[in-house]
Amino acid sequence: MTGPIGVFDSGFGGLTILKKFIEKLPKYDYMFLGDNARAPYGSRSFQTIYNYTLQAVKFLFEKGCPLVIIACNTASAKALRSIQQNNLKLLNPNNRVLGIIRPTVEMLGSITKTNNVGILGTSGTINSKSYILETAKLFKNINVYQQACPMLVPLVENNEIDNFGTDFFVKKYIDLLFNQNQNIDTIVLGCTHYPLLINSFKKYLPKNINIIKQNEIVAEKLKDYLIRHPEIEQRISKKSTVKYLTTDSYEIFNKSASIFMNTIIESETIEIN
C-alpha cells in the first residue's frame, strides 16, 4: 500500500512548506491538514499542543500517509520529539514523523560568519527555546538571539501583507532583535508565514544579512531524506495530487489558502479527536 506525504500545520503557514514541496518534488501525492479550528497554537500550553499534534499525526496515519511532516514551528518545538520517542512505535513503527526546526538549524554552521544568529518567530516557538537548544547540540560556538513577533501571523492571515502597518511591525521586531546584538549576520524566519513578508524583511534588514527561509531548506532536506530512505520513499504514492483538509470551514480555508498557494484551492472540512 502506498499513500501521500502528510503535511500538518495548526493554521495556514505550513502551506508555504507544501508549496515548495510541490515545486521541488512534484511527482508525489500530498495531503495537507490544517487544524484551523483550534489555531493559533502559539499561545497554548505544551500539553495542549502535544495533544493536538498527536491527534493530527494519528489522523494522517489512518489516511494512509507513511510520512508526516509537521510544517509548524510551534508544533515541531513542543510535540515532535515526544511523538517520535513515545508514540511512534505504538501508532506505526514503520511510519515516520519529521519536523522543520532541526533541518533549519543544520544549515546555520555553513552560513553564519560572525556566529551570531537571530530567530524571528511566534511567541510559542520563541518561548520553547527550541532553536537555542537544537543549535547548542550541533554548534557550540554559535550564539542565538530570539525575538517574538506576535503581530505578524494575524497580518498575513488577513492578507495585510504589503502595507504601512505591516512594515511598521516588521521594522519594530527587527530593531528589537538587533538591539540584542549588532553583529547578527544571519536571520532565520522561524515561522512558516514569514516568507510571504519577505519584501518587508528585505526592506528593513541590512543588505549583508543572510535570510534563511524555511520552506526552501525543508524542501531540499525532504528530497535528501527520501533518497537516503528508500524504504519510506517506495511507500509514497506518485500521482502528483494534492488534497487539502481543514478542521474549520472549508470556505474560509479556501479563501486564505489561495493567498498562500497563489491558486484556487478546494478543501474539505474534517474532524480530528
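Throughout what follows, the structure given in this document is the object of discussion. Sequence order as written defines the numbering, with residues in each chain counted from 1. Under the rules for a predicted model, residues below a pLDDT of 70 receive no local features and side-chain atom pairs below 80 are neither given nor counted, while totals for whole chains, interfaces and linings still include all residues. Computation of side-chain values covers all heavy atoms of the structure but excludes hydrogens and water.

## Concerning helix 1 (residues 14-24)
Consideration 1: Burial here depends on accessible area, computed with a 1.4 Å probe over protein chains only, as a share of the maximum for the residue type. Under 20% is buried, over 50% is exposed, and the range in between is partly exposed. Secondary structure elements are taken from DSSP: a helix is a run of H or I of four residues or more, a strand is a run of E of two residues or more, and numbering for both begins at the N terminus. Among the residues of helix 1, Gly14, Leu15, Thr16, Ile17, Leu18, Lys20 and Phe21 are the ones counted as buried.
Consideration 2: Next to the buried residues of helix 1 lie strand 1 (5-9), strand 2 (30-34), strand 3 (67-70), helix 10 (214-228), strand 9 (242-246) and helix 12 (250-261). Contacts: residue pairs with any heavy atoms within 4.5 Å of one another.

## Some remarks on the side chain of threonine 16
Consideration 1: Position of threonine 16 among the secondary structure elements: in helix 1.
Consideration 2: Polar side-chain contacts of threonine 16 include one of 2.8 Å to the backbone oxygen of glycine 13.
Consideration 3: Residues within four places of threonine 16 in sequence aside, it is in contact with Thr192, Pro195, Leu196, Asn215 and Phe260. Pairs of N or O atoms are called polar contacts if they sit within 3.5 Å, as long as, within protein, a hydrogen donor faces a hydrogen acceptor (for residues adjacent in sequence, only side-chain-to-side-chain pairs).

## Describing the sheet that holds strand 9
Consideration 1: Pairing is parallel across the open sheet formed by six strands, whose spatial order is 4-3-1-2-9-10. Sheet topology places strand 4 (96-98) and strand 10 (267-269) at the edges, where each strand pairs with a single neighbour. Strand-to-strand, the axes of this sheet are offset by a mean angle of 20°, without reference to chain direction.
Consideration 2: For two strands to be treated as a pair, DSSP must find no fewer than two bridges joining them. The pairing of strand 2 with strand 9 spans five bridges and is parallel. Across the sheet, residue phenylalanine 32 finds its bridge partner in strand 9, namely tyrosine 244. Convention adopted: a line fitted to C-alpha atoms gives each axis, helices being fitted over their contacting stretch, and angles between N-to-C directions are expressed from 0 to 180 degrees.

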